[in-house]
Amino acid sequence: MNSDVLRPITAAEVEIFDREGVVRLAGLFDPGWIELLKSGLNRNLHNPTERARVWDRDEAGHTMFYDSQAWQRIDEYRRFVFESPAARIAAELMRSSMINFFFDAVFVRSPGTQFSTPWHQDEPYWSVEGYNTCSIWMPLVPVSAANCLSFVPGSHRGTKVLAQYNFGILNPDGQTRVDQVDFTGFAEDSFPDIDADPERWGVVSWDLEPGDCIAFNSRMMHGGSGKLPSDVGLEVFTTKWLGDDVWVKFRECGMDPDHTEVMIAAGLQPGDRPEGALYPRVWNS
Ligand SMILES: O=C(O)CCC(=O)C(=O)O
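Criteria and thresholds
Residues numbered from 1 in each chain as written. Predicted model: local features only at pLDDT ≥ 70, side-chain atom pairs only at ≥ 80, totals over all residues. Helix = DSSP H or I, 4+ residues; strand = E, 2+ residues; numbered from the N terminus. Buried ≥ 20, exposed ≤ 12 C-beta atoms within 10 Å, placed from the backbone. Pairing = 2+ DSSP bridges. Near = placed C-beta within 6 Å. Nonpolar A, V, L, I, M, F, W, Y, C, P; charged D, E, K, R; others polar. Axes fitted to C-alpha atoms, helices over the stretch in contact; angles between N-to-C directions.

**Student:** I'm lost on unusual backbone geometry in this one. Help?
**Tutor:** Negative phi is the rule for most residues except glycine; trans is the rule for most peptide bonds. Note that the residue after D256, namely P257, is joined by a cis bond; omega there is 0°. With respect to the helices and strands, P257 occurs in the loop between β12 (247-248) and α6 (260-265). Phi angles above zero are rare outside glycine, and R95 is one such case at about 50°. Take R95: it is sitting in the loop between α4 (86-94) and β4 (98-109). Assessed through the 13 C-beta atoms surrounding it within 10 Å, R95 is described here as partly exposed. Even without being glycine, S225 reaches a positive phi, approximately 65°.

See below:
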């Protein structure tokens, strides 16, 4: 399996990531990585972690499954984190000299699932803070632009704290007290209704094939995906990478996923660089 990108990342792509906060990268990953992740996902679905949630389960039985930080028990994910070109892609896009792995997350929609991910930004939920973060969103099956995650280009440069969606209310399987965030008293503004006028916000999304990915800054406004035709499912594997200027931060509004406990157990304090066995340094220039 090719541990390098299948083609060089261009200067134009690095520029787009910086300016827009999001870039579609076509044809970077060897098909072997997709097969490996599919096999890992299959094991993950049969052996979810305690962080797994079913965000949506409708009357027709469609489901949207989410899990995170499963790399610690799924060898295929672990291999991807340490051996695939993902860390290097993040380093090049962020022009960072070091890259630590933050966590993995999977988003699996059964065929026909209509559930759309509510619009949000990632960093306000995270137990880290910093500008240089990069999420790599990789579909393991083809996805069309209409069903793909969508983004508001340039929104990573926004300076206001916005009221973010409380994903904790989604957990229909009785886990009502987990993942709660409450931005009341923290937010400087409400989250805009992007779907009311996507053109005004310049919303973008893309057709993607396995081997393609979307890389985005965690301050980006993103949401959507889903609305799948009855015979089409969607399996997405994402990895979250930390560049040069990122430090630990615990947030009183709540965090999701909340790493406070594991960070404290690992001896990490607010202001520290996320490092160590939980947040391994995967890349140094
Ligand atoms: O794929 C999705 O529906 C959500 C993905 C997402 O929000 C993320 O990767 O941060």
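The rest of the description comes next.
**Student:** Which parts of the structure should I look at to understand the pairing of strand β7 (residues 133-139)?
**Tutor:** In regular strands, side chains alternate between the two faces of the sheet. By the criterion of burial, β7 is predominantly enclosed, with seven of the seven residues buried. Side chains T133, S135, W137 and P139 of β7 all project onto a buried face; the interleaved residues C134, I136 and M138 project onto the opposite face, where all are buried too. Two strands pair when backbone bridges link them, and β7 and strand β11 (residues 234-242) are joined in this way by seven bridges, in the antiparallel orientation. By the bridge assignment, I136 is partnered in β11 with T239. Where β7 lies against strand β9 (residues 213-216), three bridges are found, and the strand directions are antiparallel. Bridge pairing links W137 to I214 in β9.

**Student:** Got a minute to help me understand the pairing of strand β2 (residues 53-57) in this structure?
**Tutor:** Note that β2 and strand β3 (residues 63-68) share four bridges and pair antiparallel. Pairing of D56 across the sheet is with M64, part of β3.

**Student:** Looking at this structure, how should I read the site of the ligand?
**Tutor:** For the ligand, the full set of nearby residues is A105, F107, T117, D122, S135, W137, L149, H222, S225, V236 and T238. Counting only elements with at least two residues in the shell around the ligand, the list comes to β4, β7 and β11. Residue composition of the shell around the ligand, by class: five nonpolar, five polar and one charged.

**Student:** Hey, could you run me through the environment of D197 in this one?
**Tutor:** Relative to the helices and strands, D197 resides in the loop between β8 (149-151) and α5 (198-201). With 10 C-beta atoms packed within 10 Å, D197 lands in the exposed category.

**Student:** Honestly, the sheet that holds strand β5 (residues 117-120) in this entry has me stumped. Any pointers?
**Tutor:** Backbone hydrogen bonds are what pair the strands of a sheet, in a parallel or an antiparallel way. Strands sit in the order β5-β10-β8 across an open sheet of three strands; the sheet is antiparallel. Sheet topology places β5 and β8 at the edges, where each strand pairs with a single neighbour. Across the sheet, the axes of successive neighbouring strands diverge by a mean angle of 30°, strand direction being ignored. Examined bridge by bridge, β5 and strand β10 (residues 222-224) share two bridges and lie antiparallel to one another. Residue pairing for β10: T117 is matched across the bridge by G224.

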